[in-house]
Amino acid sequence: MTGPLAGAGAVVTGAGRGIGRALAVRLAQEGARVVVNDLDADAAYAVAAEVGGTAVPGDCASDEGVRALVDRATEALGRVDVYLANAGIDGAAGPDSLQTPDAAWEQVLDVNVMAHVRAARTLVPRWLEDGGGGRFVVTASAAGLLTMVGSAPYSVTKHAAVGFAEWLSVTYGDRGVTVQAICPQGVRTRMLEEAGPLQGLLSRDTALEPEQVADAWVRSLADDRFLVLPHPEVADYYAARAADTDRWLAGMRRLQAKVDGLGS
């Protein structure tokens, strides 16, 4: 088998279901050797068996957990060539997420942002030392480009995830490290199913299957583009937001009013 992923050693976090599982399956189809990580050990082992990979269940967010994951993945693969930082949580906290307690904010920050920082902190020096490059892929969200109504922790941390990925690309892109951010809108996962009044809004431009997100990422390898947009219309929204931010925010407030009406 030939192609950019053939023979590559890949790690996917949060791969027990949803987008993570779809990424693991597609990696295996493309000839990669896959390490499957998830907090749910049973799910991790099930997906690893499905793709002929190695399960390394555990916490991919804590510093200790990230180091253990990378070390065990390196033992299994010989080298981690591709790291897909996919695990994420929404931090939903009821209708008024402004009142989300600090402990919940810290958890969402750990999983949605610091997990990426800690993984890069561990992997990038290894990649630079062996001179062989590496690919670091963050599953963010269109929320990280456009803002969203609903969970403040989710929206803020997805912005931060995109921002960290941008910084990583600027700093290490010319030193052989390829960085990408996958930013879908609605995807048919458990997170969407549990979105309540937001489900229709997130599905406004068609909710994709997780496999379609994985397909979009594989297609992006043809030019190693930074932003992977499984919903192409997000590019137009992103441009509109930058061109007239006040108009964009006014539109978002109208969406908020609709959601408020649905929840009343």
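Draft legend 1. Focus on the packing of aromatic side chains. Under the defined criterion, the tally for this structure stands at four aromatic pairs. Between F164 and W167, the aromatic rings sit 6.1 Å apart at their centres with planes inclined by 20 degrees, giving stacked as the arrangement. Separated by three residues within a single helix, F164 and W167 lie in helix α6 (residues 152-172), roughly one turn from each other. Since its relative accessible area comes to 15%, F164 is described here as buried.

Draft legend 2. Geometry of the sheet that holds strand β5 (residues 134-139). Read from one edge of the open sheet, seven strands run β3-β2-β1-β4-β5-β6-β7, paired in parallel fashion. Taken across any chain shown, the strands that pair with only one partner, and hence form the sheet edges, are β3 (54-55) and β7 (227-228). Relative to β3, strand β2 (residues 33-36) runs parallel, the two sharing two bridges. Bridge pairing links V36 to A55 in β3. Helix α3 (residues 63-77) rests against β1 (9-12), β2, β3 and β4 (82-85) of the sheet, and its axis sits at about 150 degrees to β2. Of the strands in this sheet, β5 and β6 (177-182) touch α6, which is tilted by about 160 degrees from β6.

Draft legend 3. Quick peek at the side chain of N37. On the secondary structure map, N37 appears in the loop between β2 and α2 (41-51). A polar atom in the side chain of N37 sits 3.0 Å from the backbone oxygen of V56. Filtering out sequence-adjacent residues up to four positions away, N37 remains in contact with V12, T13, G14, A15, G16, V56, P57, G58, C60 and L69.

Draft legend 4. View of the packing of α3 against helix α4 (residues 102-130). The N-to-C vectors of α3 and α4 enclose an angle of 40 degrees; their axes lie 9 Å apart at closest approach. Compared by their axis directions, α3 and α4 come out oblique. As α3 runs across α4, the sense of the crossing is right-handed. The segment α3 lies against α4, with D63, V66, R67, V70, D71 and T74 engaging A115, R118, A119, R121, T122, L123 and R126. For the contact of α3 with α4, the per-class residue count stands at five nonpolar, two polar and six charged.

Draft legend 5. Quick peek at the pairing of β2. Judged from the four bridges that link them, β1 and β2 form a sheet pairing that is parallel. Each residue of the ladder has a partner; that of V12, found in β2, is V36. Since β1 and β2 lie parallel, the crossover through helix α1 (residues 18-29) that links them has a hand, and here it is right-handed. Regarding the hand of the β-α-β motif, the stretch spanning β2, α2 and β3 is right-handed.

Draft legend 6. Local environment of a positive patch on the surface. Residues R247, R253, R254 and K258 make up a contiguous surface patch of positive charge. Along the chain, R247 turns up in helix α11 (residues 245-263).

Draft legend 7. Layout of the pattern of salt bridges. Tallying each qualifying case throughout the model produces 14 salt bridges. R21 is paired through a salt bridge with E50; the nearest N and O atoms lie 2.6 Å apart. One end of the pair, R21, is in helix α1; the other, E50, is in helix α2, with 29 residues separating them in the sequence. The exposure class assigned to R21 is partly exposed, which follows from its relative accessible area of 27%. On the basis of relative accessible area, E50 is assigned to the partly exposed category, the value being 44%. In this structure, R21 engages E211 in a salt bridge whose closest nitrogen and oxygen atoms are separated by 3.6 Å. In this pair, R21 sits in helix α1 while E211 sits in helix α9 (residues 210-220), placing the two residues 190 residues apart along the sequence. A network of salt bridges, in which partner residues are shared, links R21, E50 and E211.

Draft legend 8. Seen up close, α3. With 15 residues, α3 extends 21 Å between its outermost C-alpha atoms, agreeing within 8% with the 21 Å of an ideal straight helix rising 1.5 Å per residue. Considered for burial, the residues of α3 that qualify are G65, V66, L69, V70, A73 and L77. Seen from one end, α3 has its buried residues packed into an arc of 130 degrees, which puts them on one side. Facing away from the buried surface of α3 by more than 90 degrees, the exposed residues are E64 and E75. On its buried side, α3 packs onto β1, β2, β4 and α4. Among the residues trailing α3, G78 stands out with phi positive, at a value near 90 degrees.

Cut-offs and rules
- Residues numbered from 1 in each chain as written.
- Predicted model: local features only at pLDDT ≥ 70, side-chain atom pairs only at ≥ 80, totals over all residues.
- Heavy atoms only, no water.
- Phe/Tyr/Trp six-rings, centres within 6.5 Å; stacked < 30°, edge-to-face > 60°.
- Helix = DSSP H or I, 4+ residues; strand = E, 2+ residues; numbered from the N terminus.
- Buried < 20%, exposed > 50% of the residue type's maximum accessible area, 1.4 Å probe, protein only.
- Pairing = 2+ DSSP bridges.
- Contact = heavy atoms within 4.5 Å.
- Axes fitted to C-alpha atoms, helices over the stretch in contact; angles between N-to-C directions.
- Polar contact = N/O pair within 3.5 Å; in protein donor to acceptor, adjacent residues only side chain to side chain.
- Parallel < 35°, antiparallel > 145°, perpendicular 65-115°, else oblique.
- Left-handed = near helix turned anticlockwise from the far one by under 90°.
- Nonpolar A, V, L, I, M, F, W, Y, C, P; charged D, E, K, R; others polar.
- Right-handed = clockwise from strand over helix to strand, strands pointing away.
- Patch = residues over 30% accessible without salt bridge, like charges linked within 9 Å, V, L, I, M, F, W, Y side chains within 5 Å.
- Areas by Shrake-Rupley, 256 points an atom, 1.4 Å probe, with all protein chains shown as cover.
- Salt bridge = Lys/Arg side-chain N within 4 Å of Asp/Glu carboxyl O.
- Lys, Arg positive; Asp, Glu negative; His and termini not counted.
- Charge placed at Lys NZ, Arg CZ, Asp CG, Glu CD.
- Expected span 1.5 Å × (residues − 1).
- Arc of directions from axis to C-beta.

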